[in-house]
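Per-entry structural report
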Amino acid sequence: MKKTWIVLKTEFINTITRRSFLLTLILVPLVPALILGGISLFGGDEGGSSIGEFFQPSQGDSLPDGYVDFSGIIEQLPPGLDSDFLVEFKNQDSARDAILADEIQGYFLIEMDFLKSGEMKYFREDFNPLTAMETTGIIDTVIRYNLLESDLDQLEIFSQPIQVNRVDLAPDVEERDTSNPLAFYLPYGVSMLFYVIIITSASLLMSSIAKEKENRVMEILMSSVKPIQLFTGKIFALGLVGLLQMVLWMGSGLLMLRLGGRTLNIPPNLQLPAGLLPWGVVFFILGYLVYATIMAGVGAFVPNLKEASQVTFYIMAPILFPVMLIGVIIEQPNAALPIILSMIPFTAPTTIMTRMAAATVPLWQLLVSIGLLLVTIILLIRAVAGMFRAQLLLTGKKFNLGSFIKSLLGQEG
């Protein structure tokens, strides 16, 4: 136990005192904090505005539009809509002359068969896409107003889309505004953060073991430390490093979202849940143990760091699968596929965290996922512990996926 503690302490201190690790640990939360502070400082007077307001179209040209109505539909304009917005012309020649004289910006031609075809033409010297929808909306309102016999109440009802109010069987759960871009980007950020930290921590373990084998340091270690002590010390040391990263990054992210919610105009129902961090700790530890154990087995199996790095993709492919389907998981977090991925130990950590950031995950699913992860971890540790023996650690062999799986199953030594 004492030697295991020495390995753990040495590996932990050596990792967290690296300049690259410290810079990454500090800069990842610091950069968005500075950006948020800049937005708050220089845009504080417009705190009620949202990001989407920067993309609003321009107010359009100052000149009105004209119309030539051969169908006889337009008898009068709605109240408040006068010649400053729409001007009537008896024929196209006078409308064209008005354009050339800069009296109007364009004109609509309503043909005799408009009620049958439902089409009209718009003439203008230059086409402005930013104001096209605005001008079309005005003539559309005028035609609807006249078709409804100048009844403003009917026009208002007819113009408004049908409001469908969803009644949830669990009314205490607040609906998320899926039209807001943050409804996608916040869960996406949580998923990628979790994915990167698990991969980084597990890869560090594999690299450490493979590098020590390649540099012949392993021969010195084997003279004073048992293989299982080395395995235990390293896996817990780098797990603590990853846990430190995860708590600091996710904790600072949640804090910035809480403090910057008003600055960024983030609706309350899009805020990440407070329970995300504690559950994140649980699923990080379990996810790390799954992949770190396999990575440790690869490091023990291969002869050098180069060959170990080449097989990383095969080991990490399962955890990459939820990232590839992240759009589906965020859009329908409680559909059949995300639930199934939550129950598979190799895809569960990132899937669960993405779902929790996007919706409420039932407690029974969390508990079942944790139970399956624990069973998988126990089986993997027993299998990889058998690979941590002096003969394999000091020699290694060329990596072959089939041979590696047989070694995990204890069928090949």
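Here is what the cut-offs are and how they apply
Residues numbered from 1 in each chain as written. Predicted model: local features only at pLDDT ≥ 70, side-chain atom pairs only at ≥ 80, totals over all residues. Heavy atoms only, no water. Helix = DSSP H or I, 4+ residues; strand = E, 2+ residues; numbered from the N terminus. Buried < 20%, exposed > 50% of the residue type's maximum accessible area, 1.4 Å probe, protein only. Contact = heavy atoms within 4.5 Å. Areas by Shrake-Rupley, 256 points an atom, 1.4 Å probe, with all protein chains shown as cover. Patch = residues over 30% accessible without salt bridge, like charges linked within 9 Å, V, L, I, M, F, W, Y side chains within 5 Å. Salt bridge = Lys/Arg side-chain N within 4 Å of Asp/Glu carboxyl O. Pairing = 2+ DSSP bridges. Phe/Tyr/Trp six-rings, centres within 6.5 Å; stacked < 30°, edge-to-face > 60°. Lys, Arg positive; Asp, Glu negative; His and termini not counted. Charge placed at Lys NZ, Arg CZ, Asp CG, Glu CD. Polar contact = N/O pair within 3.5 Å; in protein donor to acceptor, adjacent residues only side chain to side chain. pLDDT = per-residue confidence, 0-100. Core = buried A, V, L, I, M, F, W, Y, C linked by side-chain atoms within 4.5 Å.

Each helix and strand counted, the protein chain has 18 helices and four strands in total. When the 413 residues of the protein chain are sorted by exposure, 41% land in the buried category. Long-range contacts, defined as pairs at least 24 residues apart, comprise 74% of the intrachain contacts of the protein chain with a sequence gap of at least 6. Surface accessibility of the protein chain: about 23,100 Å² in total, with carbon and sulfur atoms responsible for 63%.

Here we take up the side chain of Thr 347. Structurally, the position occupied by Thr 347 is in the loop between helix H14 (336-343) and helix H15 (348-358). With near-sequence residues (within four places) excluded, Thr 347 lies in contact with Pro 318, Pro 322 and Leu 341.

The next point concerns a nonpolar patch on the surface. A cluster of nonpolar side chains, Leu 22, Leu 23, Ile 26, Leu 27, Leu 30, Val 31, Leu 34 and Ile 35, forms an exposed patch at the surface whose accessible area comes to about 720 Å². By the element assignment, Leu 23 lies in helix H2 (residues 19-42). Judged by relative accessible area, which is 46%, Leu 23 ranks as partly exposed.

The subject of this paragraph is the pairing of strand S3 (residues 106-110). For S3, a buried count of five out of five residues is recorded, marking the element as mostly surrounded by other parts of the structure. Burial of S3 is two-sided: the residues Gly 106, Phe 108 and Ile 110 facing one way and the residues Tyr 107 and Leu 109 facing the other way are all buried. Taken together, the five bridges between strand S1 (residues 65-69) and S3 define a ladder with parallel strand orientation. Counterpart to Asp 69 in the pairing with S3 is Ile 110.

A separate point is the packing of aromatic side chains. Enumeration according to the criterion identifies five aromatic pairs in this entry. A ring pair is formed by Trp 279 and Phe 283, whose centres lie 6.3 Å apart and whose planes are at 40 degrees; its orientation type is tilted. With Trp 279 and Phe 283 both in helix H10 (residues 276-301) and four residues apart, this pair spans about one turn of that helix. When its relative accessible area of 0% is taken as the criterion, Phe 283 is described as buried. Aromatic pair Tyr 291 and Phe 346: ring centres 6.3 Å apart, planes at 80 degrees, arrangement edge-to-face.

Attention now moves to the pattern of salt bridges. Tallying each qualifying case throughout the model produces four salt bridges. Here Glu 88 makes a salt bridge to Lys 90, at a shortest N to O gap of 3.8 Å.

A word on a negative patch on the surface. The grouping of Asp 97, Asp 102, Glu 103 and Glu 125 at the surface amounts to a negative patch. Take Glu 125: it is sitting in the loop between strand S4 (121-123) and helix H5 (129-147).

Quick look at the environment of Arg 144 now. Residue placement: Arg 144 occurs in helix H5. A C-alpha to C-alpha distance of 9.5 Å links Arg 144 and Ile 73, two positions 71 residues apart in sequence.

Let us now look at the side chain of Asp 65. Among the structural elements, Asp 65 can be located in strand S1. A polar contact of 3.1 Å, which involves the side chain of Asp 65, links it to the side chain of Gln 105.

Attention now goes to the confidence of the model for the protein chain. For the protein chain, the mean per-residue pLDDT works out to 76, and 75% of the residues sit at or above 70. Within the protein chain, no element has a lower average pLDDT than helix H17 (residues 390-395), which sits at 55, and none a higher one than H14, at 92.

Core analysis: the biggest nonpolar cluster contains 61 residues, and Phe 194, Leu 205, Met 250, Leu 276, Phe 283, Tyr 288 and Tyr 291 have the highest contact counts within it. Among the elements of the structure, H2, helix H7 (182-214), helix H8 (217-222), helix H9 (227-259), H10, helix H12 (312-324), H15 and helix H16 (363-387) are those that each provide at least two residues to this core. Excluding residues within four positions of it along the chain, Met 250 makes contact with Val 190, Leu 193, Phe 194, Leu 276, Leu 277 and Met 353. Judged by nonpolar contacts, the second largest core, of 11 residues, contains Ile 73, Leu 86, Phe 108 and Phe 114.

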